[in-house]
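Reading the structure
Single-letter residue listing:
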Amino acid sequence: MTLNIETPALLFSATSLILLAYTNRFLTIATIVRGLKKNYEEKESSKILLEIKNLNLRISLIRYMQMFGVLSLFLSVFAMLMLFIDQQVFGIYFLD
């Protein structure tokens, strides 16, 4: 099986769009958490505290998704490097 250098290059545009979407979600949820914290300081409610904990879990998951997105970007760059120096086998393994 041969692999062209354009194949991992296609991942750049998709990865940047996914990272942008994750960042927008992160910022939106962080704004909601800040507002809920302000409400919790005014009126201490267990419902608000549970909602903050749930949103904090979602923020942690988004952080992990961002981390894996950046990792996939680095692996695609490394796969392109391997294909550029005619190491087809290593390039294929880094794309799988």
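Each remark here, short or long, concerns the structure printed above.
This part takes up the overall build of the chain. A tally of helices and strands in the chain yields three helices and zero strands. Counting helices and strands in the order they occur from the N terminus, the chain gives α-α-α. For a compact globule of 96 residues, the expected C-alpha radius of gyration is about 12 Å, and the chain comes in at 20 Å, more than 25% above that figure. Once the C-alpha set of the chain is aligned to its principal axes, its extents read approximately 65 × 20 × 15 Å. The burial tally for the chain puts 24% of its 96 residues in the buried class. Here the contacts in the chain between residues at least 6 apart in sequence split such that 68% fall between residues at least 24 apart. As displayed, the chain offers around 7300 Å² of accessible surface, 65% of which is attributable to carbon and sulfur atoms. Computing the positive centroid from 9 side-chain charges and the negative centroid from 7, the chain places the two 14 Å apart.

Glancing now at the pattern of salt bridges. Under the criterion given, the structure shown has one salt bridge. For E41, the salt bridge identified is with K37, shortest N-O distance 2.9 Å. Of this pair, E41 and K37 both sit in helix α1 (residues 6-42), separated by four residues, roughly a single helical turn. The exposure class of K37 is partly exposed, given its relative accessible area of 49%.

One finds Y22, I29, A30, V33, L36, I48, I52, L55, I59 and I62 forming the largest nonpolar core, which totals 10 residues. Of all elements in the fold, only α1 and α2 (46-84) reach the threshold of two or more residues within this core. In contact with V33, other than residues within four places in its own chain, are I52, L55 and I59.

Given a rise of 1.5 Å per residue, 37 residues ought to cover 54 Å, and the 56 Å separating the end C-alpha atoms of α1 matches this to within 8%. Buried residues of α1: P8, T15, L19, Y22, I29, A30, V33 and L36, and no others.

Cut-offs and rules
- Residues numbered from 1 in each chain as written.
- Predicted model: local features only at pLDDT ≥ 70, side-chain atom pairs only at ≥ 80, totals over all residues.
- Heavy atoms only, no water.
- Helix = DSSP H or I, 4+ residues; strand = E, 2+ residues; numbered from the N terminus.
- Rg over C-alpha atoms; globule rule 2.2 N^0.38 Å.
- Buried < 20%, exposed > 50% of the residue type's maximum accessible area, 1.4 Å probe, protein only.
- Contact = heavy atoms within 4.5 Å.
- Areas by Shrake-Rupley, 256 points an atom, 1.4 Å probe, with all protein chains shown as cover.
- Lys, Arg positive; Asp, Glu negative; His and termini not counted.
- Charge placed at Lys NZ, Arg CZ, Asp CG, Glu CD.
- Salt bridge = Lys/Arg side-chain N within 4 Å of Asp/Glu carboxyl O.
- Core = buried A, V, L, I, M, F, W, Y, C linked by side-chain atoms within 4.5 Å.
- Expected span 1.5 Å × (residues − 1).

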